[in-house]
Amino acid sequence: MPADIWAKWLDDADREGAALDRQLRVLRSQVRDRVLHKAGLGRGSRVLDLGCGMGFLSLEAARVVGPEGLVFALDSSEGALEELSRRAEKAGLGNIRPRQGDITRLPLEDGAVDAVVARSVLSYVAARGEVLREAWRVLRAGGAISIFEPVLSEEELSLDWGEERFLWIRLRQLLESEHPAYGFKRADLVDAVRQAGFEQVDSFTWHADVTRRFSGEEEALDELESGLPGEFGLAAFWRRHGVSAGETASIARRLAAQSVKPSYRDILPCVYVWGVRGGAGETKER
Ligand SMILES: C[S@@+](CC[C@H](N)C(=O)[O-])C[C@H]1O[C@@H](n2cnc3c(N)ncnc32)[C@H](O)[C@@H]1O
């Protein structure tokens, strides 16, 4: 996927984020603070932010670790890294090292960092085990990993699909078998962290209410097209798998009509997972 698709999508998401009401902005900063807290950061820590985007975690991590610490901010998107650098400069943070690269092959030495953090990144990489093994390699003994991922395969839309019920079941099954962001459940992610070699692995689920009420079919179609970026967008994904435009439109129409009912809810479980690379004797509880 061309890097700029991510930069544009993140930029749009950021503008939407800025327009969120106060309560939702507080929730976003709680996600960030919890991920950083579980990573056990302190003054002078060296941190790797996997798929850092425009710096949602990196900028705050840089404040927490202070000038004597370092944040390696890794992403494949050049546009996102440019924006991150601008933001770091504006905030007077000189301890962020943006790096363009792929999170399945980390450009760091063994044991180079004290902590690895990631938010909403593993969902976009099918080779999640590889990423986690690389994270384990670049962590020092006793260092921590802390990640946050929405679990789309466990999302619950409480709506009556009516005549589109079987169509929706088919499209959903297609997502769960072929789309990386729908290809894991919470337990799979926790297991993958353990299998990568981490110890003291624990997790916590936050059920986010992401209910959106659509003004009509067009707005719902737009969400199916670009709610996830580029090739990850559901409409594009279904097209590639032979789903007709008419079938996607039927889903959008039903979603729009049902979304305005007071009983409609879209609940998305989001999982925090954290663990430690062993080998440093007893590590303190986090
Ligand atoms: C949903 S965004 C999250 C960005 C940031 N972590 C945040 O919380 O705002 C996913 C990010 O992962 C990056 N990404 C996806 N696959 C990647 C890969 N294989 N290697 C490096 N970065 C990747 C994208 O460029 C994008 O910036």
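In case you missed it, the structure is sitting above this.
As a starting point, this report considers the structure included with it. (Residues numbered from 1 in each chain as written. Predicted model: local features only at pLDDT ≥ 70, side-chain atom pairs only at ≥ 80, totals over all residues. Heavy atoms only, no water.)

**Details of the site of the ligand**
Around the ligand sit 18 residues, and of these Gly-51, Asp-75, Ile-103, Arg-119 and Ser-120 come closest. Between Gly-51 and the ligand, the recorded distance is 2.8 Å, taken from a backbone N or O atom to a nitrogen atom. A distance of 3.2 Å separates a nitrogen atom of the ligand from a polar atom in the backbone of Ser-76. At 3 residues, the largest contribution of residues to the shell around the ligand is made by helix α1 (residues 3-18). Grouping the amino acids of the shell around the ligand by side-chain chemistry returns 9 nonpolar, 6 polar and 3 charged. (Near = heavy atom within 4 Å. Polar contact = N/O pair within 3.5 Å; in protein donor to acceptor, adjacent residues only side chain to side chain. Helix = DSSP H or I, 4+ residues; strand = E, 2+ residues; numbered from the N terminus. Nonpolar A, V, L, I, M, F, W, Y, C, P; charged D, E, K, R; others polar.)

**Observations regarding the packing of helix α6 (residues 165-178) against helix α10 (residues 245-259)**
Angle between the axes and distance between the axes are the two parameters that describe a pair of packed helices. Between α6 and α10, the least distance of the axes is 10 Å, while the angle of their chain directions is 110°. With respect to each other, α6 and α10 are oriented roughly perpendicular. Taken together, the residues of α10 that come into contact with α6 (itself represented by Leu-167, Trp-168, Arg-170 and Leu-171) are Glu-247, Ser-250 and Ile-251. The residue makeup of the contact of α6 with α10, split by class, is 4 nonpolar, 1 polar and 2 charged. (Axes fitted to C-alpha atoms, helices over the stretch in contact; angles between N-to-C directions. Parallel < 35°, antiparallel > 145°, perpendicular 65-115°, else oblique. Contact = heavy atoms within 4.5 Å.)

**With respect to α6**
Between the first and last C-alpha of α6 there are 20 Å, a value that for 14 residues agrees with the 20 Å anticipated at 1.5 Å per step. Those residues of α6 that fall on the buried side of the exposure criterion are Leu-167, Trp-168, Leu-171, Arg-172 and Leu-175. Within α6, the buried residues cover an arc of 130° as seen down the axis, which keeps them to one side. α6 presents Phe-166, Gln-173 and Ser-177 as exposed residues on the side facing more than 90 degrees away from its buried surface. In this structure, the buried side of α6 is in contact with β6 (156-157), α9 (234-240) and α10. (Expected span 1.5 Å × (residues − 1). Buried < 20%, exposed > 50% of the residue type's maximum accessible area, 1.4 Å probe, protein only. Arc of directions from axis to C-beta.)

**Section: unusual backbone geometry**
In this structure, Ser-120 takes a positive phi of about 55° despite not being glycine. Looking at where Ser-120 falls in the secondary structure, it is placed in the loop between β4 (113-119) and α5 (128-138). Phi at Gln-200 is positive, roughly 50°, even though this residue is not glycine. Within the fold, Gln-200 resides in strand β7 (residues 198-209).

Interpretation note: all reported values are geometric properties and have no functional meaning in isolation.
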